[in-house]
Amino acid sequence: EEHKQTAQRRLLIEKKKELRENEVARKEKEEQRLRQIKQQQEQEAEKVRLEEEAKRRETDRLAQVRAEVEKQEAAKLAAQLAGELKDRNVKMTQEELDSMDADKLRALQIQQLEKEKRELQSKLKVLGKRYDHIERAFRKEEIPLLSADYEE
Amino acid sequence: DMTEEDLDFSDIEARYAVDTNSSYDNIVIVDGAPIVGEAKVDRLLAVVRKLFKNIGEIPDDGIYMPRDEASGQSKGFMFIEFAAPEQAALAVKMVNNHKFDSKHTLSVFKFNDIERFANMPDEFVEPEAEPFVEKEHLKSWLADDKARDQWVMMKGDEVSIYWNNKSEQPDLAHTRTNWSDMYVAWSPKGTYLATFHRQGIVLWGGPSWKKIVRFEHPNVKLIDFSSNEKYITTWSHEPFTTSDGDQHRVAIWDIVTGRQLRSFPVESSALGGSSNQQSTLKIDWPIFKWSFDDQYVARMTPGENGMISVYETPGMGLLDKKSIKIENIQAFAWSPSEHVLSYWIPEAGNNPARVTLMKVPSREIVRQKNLFNVIDCKLYWQQQGDYLAVQVERAKTKKSTVTNLELFRLREKDIPVDVVELAQGQDITNLFWEPHGTRFAVLAQEGAQKTVIQFYQMVPAGATDTKGKKKSAKAEQAGEVKLLKTADAKGINQVVWSPKGRFCVLGGVRGFQGDLQFWDVDEEPTLMNTGEHYMCTDVEWDPTGRYVMSSVSYWRVQSDTGFTLWTFTGQLLSRQSVPLFKQLLWRPRPPTLLSEEKQKEVKKKLKDYSREFDEQDAAQTTKVSREVLEKRLGLLRGWREYVARTEDEYRREREY
Amino acid sequence: MRPILLHGHIRSLTRVKYNREGDLIFSVSKDNKPNVWYSHNGERLGSYHGHNGTVWDLDISFDSKRLLTGSADSSARLWDVQTGKELFKWNTNTAVRAVAFAQGDKKALYVTDAVMGQKSTIWVVPVEDNVEDQTDEFMLKITIDGPKATVAEWGNLNKTIITGHDDGTITVWDAETGERIKEHRTHESTITDLQFTKNRATFISSSKDCTAKISDAKTLKIMKVFTTERPVNSASISPIKPHIVLGGGQEAMSVTTTDQRHGKFEARFYHLVFEEEIGRVKGHFGPINTLAFHPDGTGYASGAEDGFIRVHHFDDDYFNFK
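Model, not experiment: these values are computed from the prediction. What you see as residue numbers is a count from 1 along each chain, following the sequence as written. Throughout, the order in which chains and ligands are written sets their labels, letters from A for the former and numbers from 1 for the latter. Only residues with pLDDT of at least 70 are given local features in this predicted model, and only at 80 or more are side-chain atom pairs given and counted; all residues enter the totals for whole chains, interfaces and linings. Heavy atoms throughout the structure, all of them, feed into the side-chain values; hydrogens and water do not.

**Structural notes on the interface of chain B and chain A**
Logical step 1: Any pair of residues with heavy atoms lying within 4.5 Å of one another is described as a contacting pair. Facing the 41 residues of chain B at the interface are 24 residues of chain A.
Logical step 2: The quantity reported as buried area is the accessible area (1.4 Å probe) lost by two parts once they are put together, taken as the sum for both. A buried area of about 3,100 Å², summed over both sides, lies between chain B and chain A, and 62% of it is on carbon and sulfur atoms.
Logical step 3: Sorting the residues of chain B by area buried against chain A places His137, Leu593 and Phe613 of chain B first, and these three jointly supply 18% of that buried surface.
Logical step 4: A pair is scored as a salt bridge if a Lys or Arg side-chain nitrogen falls within 4 Å of a carboxyl oxygen belonging to Asp or Glu. One can count eight salt bridges joining chain B with chain A.
Logical step 5: The definition of a polar contact used here is a pair of N or O atoms within 3.5 Å, where within protein one atom must be able to donate a hydrogen and the other to accept one, and adjacent residues in sequence count solely through side-chain atom pairs. The tally of links between chain B and chain A comes to 14 residue pairs in polar contact (both at pLDDT 80 or more).

**Considerations on the sheet that holds strand E16 (residues 260-264) of chain B**
Residues and elements named next belong to chain B.
Logical step 1: Spatial ordering of the open sheet is given by E13-E14-E15-E16, a layout of four strands whose pairing is antiparallel. Only two strands of the sheet have a single neighbouring strand rather than two, namely strand E13 (222-225) and E16. Sheet twist, expressed as the mean angle between neighbouring strand axes with direction ignored, is 20°.
Logical step 2: Two strands are counted as paired when DSSP detects at least two bridges linking them. Runs of H or I in DSSP of at least four residues are treated as helices and runs of E of at least two as strands, each being numbered from the N terminus. One ladder, built from four bridges, connects strand E15 (residues 247-254) with E16; its direction is antiparallel. Across the sheet, residue Ala251 finds its bridge partner in E16, namely Ser263. Note on method: axes are straight lines fitted to C-alpha atoms, helices fitted across the in-contact stretch only, with angles between N-to-C directions ranging 0 to 180 degrees.

**So, the packing of aromatic side chains**
The geometry of an aromatic ring pair is captured by the separation of the ring centres together with the interplanar angle, meaning the angle of the planes.
Residues and elements named next belong to chain B.
Logical step 1: Side-chain rings of Phe, Tyr and Trp, where Trp is taken by its six-membered ring, are said to pair if the distance between their centres is within 6.5 Å; with planes under 30 degrees apart they count as stacked, over 60 as edge-to-face, and otherwise as tilted. Across all of its chains, the model carries 44 aromatic pairs over all chains by this definition.
Logical step 2: With 6.2 Å between their ring centres and 50° between their planes, Trp235 and Trp285 make a pair best called tilted. Remark: Trp285 occurs in the loop between E16 and strand E17 (289-290) and Trp235 occurs in strand E14 (residues 231-241); sequence separation between them is 50 residues.
Logical step 3: Only protein chains enter the accessibility calculation, which uses a 1.4 Å probe; a residue is then buried when its area is under 20% of its type maximum, exposed when over 50%, and partly exposed in between. The partly exposed category is assigned to Trp285, whose relative accessible area is 22%.

**Things to note about the sheet that holds strand E11 (residues 200-205) of chain B**
Residue and element names in this part refer to chain B.
Logical step 1: The four strands lie next to each other as E9-E10-E11-E12, forming an open sheet whose pairing is antiparallel. Of all strands in the sheet, those with a lone pairing partner are strand E9 (184-186) and strand E12 (210-216), marking the two edges. Mean inter-strand twist for the sheet, computed between neighbouring axes without regard to direction, equals 25°.
Logical step 2: The pairing of E9 with strand E10 (residues 193-196) spans three bridges and is classified as antiparallel. Across the sheet, Ala185 pairs through a bridge with Ala194, a residue of E10.

**Looking at the pattern of salt bridges**
All names here are of chain A.
Logical step 1: One pass over the full model with this rule turns up 62 salt bridges over all chains.
Logical step 2: Two residues, Asp132 and Arg136, come together in a salt bridge whose shortest N-O distance is 2.9 Å. One end of the pair, Asp132, and the other, Arg136, are both in helix H3 (residues 102-151), four residues apart, so they sit about a helical turn from each other. Grouping residues by exposure puts Asp132 and Arg136 together as buried.

**So, the interface of chain C and chain B**
Logical step 1: With 25 residues of chain C at the interface, the matching set in chain B holds 17 residues.
Logical step 2: Summed over both partners, the interface of chain C with chain B buries about 2,000 Å², with 52% contributed by carbon and sulfur atoms.
Logical step 3: Summed over the shared surface of chain C and chain B, the number is four salt bridges.
Logical step 4: Viewed at the interface, chain B and chain C are joined by eight residue pairs in polar contact (both at pLDDT 80 or more).

**With respect to the nonpolar core**
Residue and element names in this part refer to chain B.
Logical step 1: Val28, Val30, Val48, Phe52, Met78, Ile80 and Phe82 are the most contacted members of the largest nonpolar core, which totals 22 residues.
Logical step 2: Of all the elements in the fold, those that place two or more residues in this core are strand E1 (27-31), helix H2 (41-52), strand E3 (77-81), helix H3 (85-95) and strand E5 (105-110).
Logical step 3: Discounting residues that sit within four places of it in the chain, Phe82 has contacts with Asn26, Val28, Phe52, Ile55, Gly56, Glu57, Ile58, Gln87, Ala88 and Ala91. The term nonpolar core refers to a set of buried residues drawn from Ala, Val, Leu, Ile, Met, Phe, Trp, Tyr and Cys, joined through side-chain atoms within 4.5 Å.

**Overview of the pairing of strand E23 (residues 243-248) of chain C**
Residue and element names in this part refer to chain C.
Logical step 1: For E23, a buried count of six out of six residues is recorded, marking the element as mostly surrounded by other parts of the structure.
Logical step 2: Burial along E23 is two-sided: the residues His243, Val245 and Gly247 and Ile244, Leu246 and Gly248 are all buried.
Logical step 3: What sits between the antiparallel neighbours strand E22 (residues 232-237) and E23 is a turn of five residues.
Logical step 4: Across four bridges, E23 lies against strand E24 (residues 267-271) in antiparallel orientation. Bridged to His243 within E24 is His271.

**Digging into unusual backbone geometry**
All names here are of chain B.
Logical step 1: Look at the link from Thr313 to Pro314: it is a cis peptide, with omega at -5°.
Logical step 2: For Pro314, the position within the fold is in the loop between strand E19 (307-312) and strand E20 (317-318).
Logical step 3: That bond from Val360 to Pro361 is cis: its omega, 5°, falls within 30 degrees of zero.
Logical step 4: Assignment of secondary structure puts Pro361 in the loop between strand E24 (353-359) and strand E25 (365-371).
Logical step 5: The backbone of Lys166 shows a phi angle near 55°, a positive value even though the residue is not glycine.
Logical step 6: Note on placement: Lys166 falls in the loop between strand E7 (158-163) and strand E8 (171-177).
Logical step 7: Of note, the phi angle at Asn219 is positive, near 55°, even though the residue is not glycine.
Logical step 8: For Asn219, the position within the fold is in the loop between E12 and E13.
Logical step 9: Taking relative accessible area as the criterion, Asn219 reaches 28% and is therefore assigned partly exposed.

**Comments concerning the environment of Pro286 of chain B**
Logical step 1: On the secondary structure map, Pro286 of chain B appears in the loop between E16 and E17.
Logical step 2: Sequence-wise, Pro286 of chain B and Trp235 of chain B are 51 residues apart; in three dimensions their C-alpha atoms are separated by 9.1 Å.

**Quick word on empty space enclosed by the protein**
Residues and elements named next belong to chain B.
Logical step 1: Two kinds of site are reported from a 1 Å grid over the protein atoms alone, namely cavities, where a 1.4 Å probe fits but cannot get out, and pockets, open sets with protein on both sides within 12 Å along at least five of seven lines, and residues are called lining when an atom falls within 4 Å of a point. Grid points are joined across faces, edges and corners, and a volume is the space filled by probe spheres set on the points. Inspection of the entire model under this criterion finds five cavities of 30 Å³ or more.
Logical step 2: Put simply, the second largest cavity is a space of about 40 Å³.
Logical step 3: Contributing to the lining of the second largest cavity are Trp151, Lys166, Ser167, Glu168, Pro170, Phe563, Leu565, Ser574 and Gln576.
Logical step 4: Its residues assigned to classes, the lining of the second largest cavity shows four nonpolar, three polar and two charged. Three residue categories are used. Nonpolar comprises Ala, Val, Leu, Ile, Met, Phe, Trp, Tyr, Cys and Pro, charged comprises Asp, Glu, Lys and Arg, and polar comprises the others, including Gly.

**Description of the arrangement of the chains**
Logical step 1: Among two pairs of chains with at least one contact, chains A and B form the most extensive contact set.
Logical step 2: For the non-touching pair chain A and chain C, the nearest C-alpha separation works out to 25 Å.

**Overview of helix H8 (residues 606-655) of chain B**
Logical step 1: The span you would expect from a helix comes to 1.5 Å times its residue count less one. Counted at 1.5 Å a residue, the expected span for H8 of chain B with its 50 residues is 74 Å, and the 72 Å between its end C-alpha atoms agrees.
Logical step 2: For H8 of chain B, the full list of buried residues reads Leu606, Tyr609, Ser610, Phe613, Val624, Trp639, Tyr642, Thr646 and Glu653 of chain B.

**Focus on the environment of Asp294 of chain B**
All names here are of chain B.
Logical step 1: Residue placement: Asp294 occurs in the loop between E17 and strand E18 (296-301).
Logical step 2: A relative accessible area of 1% places Asp294 in the buried class.
Logical step 3: Within the structure, the side chain of Asp294 is placed 3.0 Å from the backbone nitrogen of Asn228, a separation counted as a polar contact.
Logical step 4: Separated by 3.3 Å, the side chain of Asp294 and the backbone nitrogen of Lys230 make a polar contact.

By themselves these figures say nothing about function.
Printed below as a string of structure tokens:
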């Protein structure tokens, strides 16, 4: 009976032990799984981060390129405007022109065009008057000749 | 008001109301023969007999030549009796206007037309003495003390002549309702205004716009004045019947005497344009082209038996009695300054196409140029006749064509020809010479979309360049055609030069939108201004080159008709909306009577004149603004009184 | 001067009108739905449902409580402005061309078209304060011999009725007896609009004859003439300045696409006294059919063939302009 009891206890202990071991193993396994998930997540996050980093760098690069192009174009435009302004006999030194950006030059150009337009219109006014006065002067001098012509 | 009913054509009608049953059908009267003494009578009669030998049979006593009883001298006319009336008719046809000798041109009439002699003494009195005695001064308008010009305007049934007052309202000089049945036209120097009527053309002029002369031509549709206003050509689509019973379409008249010089049948086949349908008769008017000095008038007969027929005024006899045979002649034009004809013929067999310059009356060919693969040529003479531009369209491949210009320099030895090729893909659509100048404008098409304007200058051989330096030896020899400028001409289809040169207006008219560009074509052509006259149909310069008129004619566009006046620099002076506006023509002016020296002198002293004109203008401006102000104040006062009165009434009514 | 665009109509406008205070704009069009809008921001307050044909004309009572409309559906209708409810309907034999409240809103008139043997007729009807009492009996009927009336208004103190006709004639009728008091051939063609000054001593009429004219309401004497190149569909007098505005254009049929570029659909301002043009306002895509000055003169509204109403508030520039 005692033996039986002892055997039973041992069995029980072993069973418990086994259960405990099983439990530990399960826990370990679970922990490992969680660890794995976490690791995977971390890996993915890293991957995303890297991708984003690459993207950001690419955008930065493009922006830089664009800025460079814009700068070049602005310089080109400035040079062109400056050239045009020079052609239009604007009294400015090359240094002065070089120091201006495209916006300033454009404003200057508009100003210059308006000035030219004004100048042209006042020139035309003088021209119009001159032609009118020549005609009137001719006609005035012609009147006596006309009556003489009629007499004939 | 004058209507066509008021125009009395009864005497003209009476002139042709001939008794056809008369027994004098076979007798003609020959006038304009030399006046000879007794000794030469037989000789004269013999020559006359010989002249009519091939026309009909004249009995021995068939010629009766009246003579002055006292002197025994002939009177310059004679009666000839033929065996048959047909022979008499033929004699009129063949010998009338015959150049008998260098001094005498024969007129041949049927005896039955004797009434014409009785009723028309004008023909036989000294023509020089007649025109000025009673008539008004036909050039009085030239002496306007404000140096203004006139225009004639047609609106609805009303024809009115106005004085241009720049931006102020024009002054009405004269107006009549139903003055013309169709349209109106000025003679080239502005002396006459021509009106169209069912019965014919009437010319008007002088300060009171009296009837000067009329030409009976039923259903007349087109007219053309000779350059010096001596003659006028008239045309009707429907032929009229001559006194001989022939069907004629064209008549040429002497303006001073009102006499018809000659009329022509003009077959439909002989007309320019290749319309086969009778109903849409297309003619290249003028068919008869006047030489610069009114001495000759020439017409062309196309086809295999092609020719140019040159007639000499006033007799209208065929020059040297025969036409100039030019097989397949396509087009011709007179030089505007000398007796030189230009014409071109197409390729035939192995012979290339050819542009020819021929002197008249010698018929000497002064220059000829062969051209290959030619499809079409257009001849454009510069106004002084110094240059002839020929626009040549050639076949490039089977499908595409290419145009270029051949420029003849008439004033240089052997008449050299410059060739101007346009850029690849550019095709000339039209060429416009600068009046009084050596520049021309070319409108060219670049592909289907783009239109460009080009200004060229003729640089004569040995010319100095703009800075006064002599050109290089090579240029001195050759001269050149210099391209002054190329510019975009979107929406443009016309170039209208100032009659004084230098300035021109580029317009998109008749089917285009009405864009206008005002150019100063100096050494450096510049666009002075742009403008717009929506749906514009016509652009016309005043004769002094100071103003430009753009207009929308009811004949082409039925809405927003009217006109806009601009300065030559493109400044808008006034816009007038005129319902049923049809036509506006500036009155041309003859060349100034001032000598070159006098003109130079005036220009030199322009400052003195300017002072005077400035004062005049300032006074006028003050006057006008004062008038405007007074008018406005008056209107304002009137309106205020009216409002006060109605307010008063309103209050009283309320209270009541 | 940036206009407010009112887009609630699907067809061309026939009449726009401000109420007395000017805070509301009423509009009728060739669609069958009159609208009411806030004038200051263009917000639509509502529509009046019931008509089933072009609505030709409208009028608003002095207190802005009632709206009167006349339509091609052979009816004139009275509406409650606020609720949008149809209060009464007068059935007619032909289209109703014009409507107008009398001063005091105790009565109104409507004009029926001449069609197939029916003569153009002016009907004067009572307008009851209490809708329950409203009947369709008429107080006066004036049968018009001659060209039909296209516009109608009450004269000062309701003593007269003034009509504009298809042939350009303007007629003054005795509003009590229906007698024809005076008649004048003011225009050469159809009269398209007739608007009074505040004291009803003077009115402006517009016509297809390309003019607008100001006449004295008593004598019919023409005081001023404003000439254009196009048929004039509407004209209005500023209540505060010596200005008038007019609008028009070609018939819808003959409008070409290119016309718009050329701005023939502008509202044109003229100096009332000098008869000279002083300015133009572009914007519409079709001829302007109707115009009205704000009762304070601070702006104006225009309705056009394009289905739009444009409400303009003048800038300071306008008020400084002499």
